[in-house]
Amino acid sequence: MLDSSDSHTDSQRTEAFIERWSQSGGAERANYQLFLAELCDLIDVPRPDPAKPDNLENGYVFERRKKKSDASLFPSMTKGPKQLPAQEGRLQTCTLGQAP
């Protein structure tokens, strides 16, 4: 169980994260990897792994390789069959191969 000082620190970190990123805009592709890496830190989950040439080894990466037929989908972060598209102002998940 967290003591109240841990909660207070987490709350401060969350507020600082929201403040920092609420001022961004108009640069989805320029900001998304940094945003998601900092979000991973905030929620205490590992950051994505470096991408490898073989997609079978890319279970949790930024920008998994995709087929040309999937060009309309820009997956920002992929973990297993889920991905988090980089879209300014909204956060959603979708299944690979399906637009959000």
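These numbers were taken from a predicted model, which means no experiment stands behind them.

## Focus on the nonpolar core
A general trend in soluble globular proteins is that nonpolar side chains are found buried together. Of all hydrophobic cores here, the largest spans seven residues; its members are F17, W21, Y32, L36, L39, L42 and F62. Sort the elements by how many residues they give to this core and helix α2 (residues 28–42) lands first, with four residues.

## Some details on the confidence of the model for the protein chain
Looking at the protein chain as a whole, its pLDDT mean stands at 75, while 58% of the residues score no less than 70. By mean pLDDT, strand β4 (residues 94–95) is the weakest element of the protein chain at 44, and α2 is the strongest at 90. Per-residue pLDDT stays below 50 along residues 90–100; that stretch engages in 30 contacts with residues further than four places along the chain or on separate chains.

## Let's talk about the environment of D54
Its place among the elements puts D54 in the loop between α2 and β1 (60–62). With 10 residues separating them along the chain, D54 and R64 place their C-alpha atoms 9.6 Å apart.

## What to know about α2
Since the α-helix turns once every 3.6 residues, residues separated by three or four places project in the same direction. With 15 residues, α2 extends 20 Å between its outermost C-alpha atoms, agreeing within 8% with the 21 Å of an ideal straight helix rising 1.5 Å per residue. All buried positions along α2 are accounted for by Y32, L36, A37, E38, L39, C40 and L42. Of the residues flanking the end of α2, it is D44, one or two places downstream, whose phi is positive at about 60°.

## Concerning the pattern of salt bridges
Applying the stated rule across the entire model yields four salt bridges. The salt bridge partner of R20 is E38, with a shortest N-O separation of 2.9 Å. Of the two residues, R20 is situated in helix α1 (residues 4–22) and E38 in helix α2; the sequence distance between them amounts to 18 residues. Residue R20 is classed as partly exposed on the basis of its relative accessible area of 46%. E38 gets classed as buried once you look at its relative accessible area, which sits at 18%.

Cut-offs used in this document
Residues numbered from 1 in each chain as written. Predicted model: local features only at pLDDT ≥ 70, side-chain atom pairs only at ≥ 80, totals over all residues. Heavy atoms only, no water. Core = buried A, V, L, I, M, F, W, Y, C linked by side-chain atoms within 4.5 Å. Buried < 20%, exposed > 50% of the residue type's maximum accessible area, 1.4 Å probe, protein only. Helix = DSSP H or I, 4+ residues; strand = E, 2+ residues; numbered from the N terminus. pLDDT = per-residue confidence, 0-100. Contact = heavy atoms within 4.5 Å. Expected span 1.5 Å × (residues − 1). Salt bridge = Lys/Arg side-chain N within 4 Å of Asp/Glu carboxyl O.

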